[in-house]
Amino acid sequence: MHSKTHIAIIGIGAVGGFYSGLLAGHYYQSDEVEVSFIVRGLNKKAIIENGLRIKAADFDQVVHPDNITDDPSTLRTIDYLICCTKSYGLEQSIEQVKPAIDSQTVILPLLNGVDSRETIEKLLPENEVWDGCAYIVSRLEEPGLIQTHSKMRSLNFGSDKGTAEKLKQAETIFRNAGIDAYWSKNIEKTIWEKFIFISAMATVTSYLDTTVGDIQTKEEGQKLFLALLTEIKAVADAKRIPVSDNIIQDTIEKSSYMPPESTTSMHSDFQAGKLTELESLTGYIVKSGRELGVDVQTYEMMYTKLKG
């Protein structure tokens, strides 16, 4: 094995760009860690020409990765692959990176859904695939520029079957780069508690075609958000996911930390006429409700309208 730990990030968008930017900024040309961006198009061009700029309330920096490519076969073997693509692009991304993966490569997905690990394990049955989730509100404002107004920026990851030494190493690498990272011993609970928040908020903002502020303050938004939270909590209970008893109240409270003018990435994608994560964020709950015999009528109603 090469002496440097090689971390590659695929999906240098709002989420991937923020965390990979902190990694690249801290470890650029270091002796311990090598950071590679797998990115294409205008974003790649902008980062090559001007670096990746990360702008937050408390800092504003321009960073450069050790390697930047749209062809992973040019990279040396990856030790940790962080996947930050959209759920609908996950399988294609993994296929693309396979030439730089060996049996020791660890894959950490930071996607919005709850089924990313299963998807990757089918494609890479020999590898350690962890669960991960990021709590951050950020935007790719333009190619090469990531902006966040969020105070929440934590990255949680873990695995029941993962190598403790690798999990600890990853946590140390992330933290040294200034990432608020936690190796969670109960990652399924962590992921579902985030998924409950994202799924309900993405579904209701897309359905009402409105901002987070309207969901927080207008009666219709509040009512529908609560209905979705109640249904998704029932699905989690039926799946025996150990989410907190106060999850509905906690999630409503968590939504109050989001800037009122902000919205969800799924809603933004609907507005821009792009592909959306409707299947992984909304459809997954509809499908689970049917399979488990749980009433998810609000989800069904919104899913049908959004799909149409």
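Quick look at the structure, then. (Residues numbered from 1 in each chain as written. Predicted model: local features only at pLDDT ≥ 70, side-chain atom pairs only at ≥ 80, totals over all residues. Heavy atoms only, no water.)

Counting secondary structure elements, the protein chain contains twelve helices and eleven strands. Whereas a compact globule of 308 residues would reach a radius of gyration of roughly 19 Å, the protein chain reaches 19 Å, a difference of no more than 12%. Viewed in the frame of its principal axes, the protein chain has a C-alpha envelope of about 55 × 40 × 35 Å. Evaluated residue by residue, the protein chain yields a buried proportion of 55% over its 308 residues. Pairs at least 24 apart in sequence give 72% of the contacts found in the protein chain among residues at least 6 apart. A total accessible area of about 14200 Å² is found for the protein chain, and carbon and sulfur atoms account for 47% of it. One finds the centroid of the 32 positive side-chain charges in the protein chain at a distance of 1 Å from the centroid of its 43 negative side-chain charges. (Helix = DSSP H or I, 4+ residues; strand = E, 2+ residues; numbered from the N terminus. Rg over C-alpha atoms; globule rule 2.2 N^0.38 Å. Buried < 20%, exposed > 50% of the residue type's maximum accessible area, 1.4 Å probe, protein only. Contact = heavy atoms within 4.5 Å. Areas by Shrake-Rupley, 256 points an atom, 1.4 Å probe, with all protein chains shown as cover. Lys, Arg positive; Asp, Glu negative; His and termini not counted. Charge placed at Lys NZ, Arg CZ, Asp CG, Glu CD.)

Attention now goes to helix α1 (residues 14–27). Between its terminal C-alpha atoms α1 stretches 20 Å, which fits the 20 Å expected from 14 residues at 1.5 Å a residue. With ten of 14 residues buried, α1 is to be regarded as a mostly interior element. Within α1, the full set of buried residues consists of G16, G17, F18, Y19, S20, G21, L22, L23, A24 and Y27. At the C-terminal side of α1, Q29 shows a positive phi close to 55°. (Expected span 1.5 Å × (residues − 1).)

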